[in-house]
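# Coordinates in review
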Amino acid sequence: MNLISFNNVCKTYDPGLFKKKIQAVNDLSFDLQQGEVFGLIGPNGAGKSTAIRMLLGLIRPDSGTIFYKGRPLREGSIQQDIGYLPENPYLYDHLNLLELLTFCGRSSGLDADAISERGTALMTRLNLLEAQKRPLRTFSKGMLQRAGICFALLHDPSIVILDEPMSGLDPIGRKMVFDLVMELKGEGKTIFFCSHILNDVERLCDRIGLMNRGGLVRLFARADFPQNDGNTVILHVAPLSAPQRHDLQALGGRLRQEEGEMLLAVAEDCYHPVNRYLEQQGVAVLGGRSEWVSLEELFMGIIKEQEA
């Protein structure tokens, strides 16, 4: 079921007198389905943040419609169902984390018991319990990011919007957030995930939308990024001649050109004859990898095509 739908949405900013208007979002259409993790990626200035602000009701589209549960967004209330972590969260630095979450909970209509129970669970989950009475101005960038996630999730929203949630996190913090997102998905929540760390997007998301110049350029499904299943060997090999390509394909290999090199995928039962052929032909094996095609490669290829 489509929980949220953008239908031909446009938004233009007017920077002021005698300045050219900026088309931030242009004819944007995509859907978020109930219970999925949806990733939105794109270069800086692609319109991702503007799309999020319109969904939150902070700004209105010039044309087109955003639907929530089948009704135009302006006719319903989505704010109470959303937890939002902005790219650069501002948290009251004179408060400690416990005071911040108490303020957040009361603003959301939670009673003291619910605030304590939910807040303690989130702080424990994100390794902040021991720092709950420290002023936020003493927190590191990564700790502030995790505090922002606690803030966004305290009222137990059904829709979670995470804009660059891994920013400033060390590998341990990234693993915490990764596991938390998967837990939220397991609880049936809908996750709207924006990040420039494409590896995280690829691992977390069920579907991924690529924006550029204000519009949706491509929509990817998880099946577009097949990982190595353990029965296939994927190798980087030196450039091949046309006869060599033909022979390797005849032996069961699959080939893809990649920036002056070749990517060769070989099933286990074909590996030995293919390996013998490479040795006989003197073709250098330059390395191995885990996936046939990565999101980063698709991203760069599509953006280059757009800019050409």
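As a starting point, this report considers the structure included with it. (Residues numbered from 1 in each chain as written. Predicted model: local features only at pLDDT ≥ 70, side-chain atom pairs only at ≥ 80, totals over all residues. Heavy atoms only, no water.)

## Here we look at the packing of helix α2 (residues 97-107) against helix α4 (residues 141-153)
- One way to put it is that α2 packs onto α4 with a least axis distance of 9 Å and a crossing angle of 25°. Viewed along their axes, α2 and α4 adopt a mutual orientation that is roughly parallel. In terms of crossing hand, the pair formed by α2 and α4 is right-handed. Counted together, Leu-97, Leu-100, Leu-101 and Cys-104 of α2 and Ala-147, Cys-150 and Phe-151 of α4 form the full contact between these two elements.
- A class-by-class count of the residues in the contact of α2 with α4 yields seven nonpolar, no polar and no charged. (Axes fitted to C-alpha atoms, helices over the stretch in contact; angles between N-to-C directions. Helix = DSSP H or I, 4+ residues; strand = E, 2+ residues; numbered from the N terminus. Parallel < 35°, antiparallel > 145°, perpendicular 65-115°, else oblique. Left-handed = near helix turned anticlockwise from the far one by under 90°. Contact = heavy atoms within 4.5 Å. Nonpolar A, V, L, I, M, F, W, Y, C, P; charged D, E, K, R; others polar.)

## Notes on the environment of Leu-286
- Summarising the element assignment, Leu-286 is placed in strand β14 (residues 285-288).
- In this structure, Leu-286 is in contact with His-236, Val-237, Ala-238 and Glu-261, ignoring residues within four places of it in sequence.

## A short note on the nonpolar core
- If you look at the biggest cluster of nonpolar residues, it comprises 44 residues, and the most contacted ones within it are Ile-41, Leu-97, Leu-128, Phe-139, Ile-191 and Phe-193.
- For this core, the element with the most residues is helix α5 (residues 171-186), which contributes six residues.
- Ignoring sequence-local partners within four residues, the contact set of Ile-41 consists of Lys-48, Ser-195, Leu-198, Val-201, Ile-208, Gly-209, Leu-210, Met-211, Leu-295 and Phe-299.
- If you look at the next biggest cluster of nonpolar residues, it comprises 27 residues, including Leu-28, Leu-32, Leu-73 and Ile-159. (Core = buried A, V, L, I, M, F, W, Y, C linked by side-chain atoms within 4.5 Å. Buried < 20%, exposed > 50% of the residue type's maximum accessible area, 1.4 Å probe, protein only.)

## What about the pattern of salt bridges?
- Tallied over the entire structure, the rule returns nine salt bridges.
- For Arg-207, the salt bridge identified is with Glu-36, shortest N-O distance 2.7 Å. Here Arg-207 is found in strand β9 (residues 207-212), whereas its partner Glu-36 is found in the loop between β2 (22-33) and β3 (37-41), with 171 residues between them in sequence. The pair formed by Arg-207 and Glu-36 is uniform in burial state, with each residue classed as buried.
- For Asp-206, the salt bridge identified is with Lys-185, shortest N-O distance 2.6 Å. Placement of Asp-206 in the loop between α6 (198-204) and β9 and of Lys-185 in helix α5 is noted, with a sequence separation of 21 residues between them.
- When its relative accessible area of 25% is taken as the criterion, Lys-185 is described as partly exposed.
- Where salt bridges share partners, they join Arg-118, Asp-156 and Lys-189 into one cluster. (Salt bridge = Lys/Arg side-chain N within 4 Å of Asp/Glu carboxyl O.)

## Some remarks on the layout of surface pockets
- There is about 510 Å³ of room inside the largest pocket.
- Together, 22 residues line the largest pocket, and Ile-82, Gly-83, Tyr-84, Phe-151 and His-155 are the ones closest to its centre.
- Secondary structure elements with two or more residues in the lining of the largest pocket: β6 (82-85), α2 and α4.
- For the lining of the largest pocket, the per-class residue count stands at 15 nonpolar, seven polar and no charged.
- Computed from the structure, the second largest pocket encloses a volume of approximately 310 Å³. (1 Å grid on protein atoms, 1.4 Å probe; cavity = no way out; pocket = protein on both sides within 12 Å on 5 of 7 lines; lining within 4 Å. Points joined across faces, edges and corners; volume = space filled by probe spheres on them.)

## Some words on the side chain of Thr-190
- Along the chain, Thr-190 falls in strand β8 (residues 190-194).
- Here Gly-35 takes part through its backbone nitrogen, which lies 3.0 Å from a polar atom of the side chain of Thr-190.
- When sequence neighbours within four positions are dropped, the list of residues in contact with Thr-190 reads Leu-3, Leu-32, Gln-33, Gln-34, Gly-35, Glu-36, Ser-158, Ile-159 and Val-160. (Polar contact = N/O pair within 3.5 Å; in protein donor to acceptor, adjacent residues only side chain to side chain.)

## Looking at the side chain of Thr-50
- Residue position: Thr-50 is located in helix α1 (residues 48-56).
- Judged by relative accessible area, Thr-50 falls into the buried class, the value being 7%.
- Filtering out sequence-adjacent residues up to four positions away, Thr-50 remains in contact with Lys-11, Tyr-13, Ala-24, Val-25 and Ile-59.

## So, the packing of α2 against helix α3 (residues 112-125)
- Axis separation between α2 and α3 bottoms out at 10 Å; the angle between their running directions is 130°. By the angle between their axes, α2 is oblique relative to α3. Relative to α3, α2 is oriented so that their crossing is right-handed. Here Leu-97, Leu-98, Leu-101, Thr-102, Gly-105 and Arg-106 of α2 come into contact with α3, specifically with Ile-115, Gly-119 and Met-123.

All we've got here are geometric facts, nothing functional implied.
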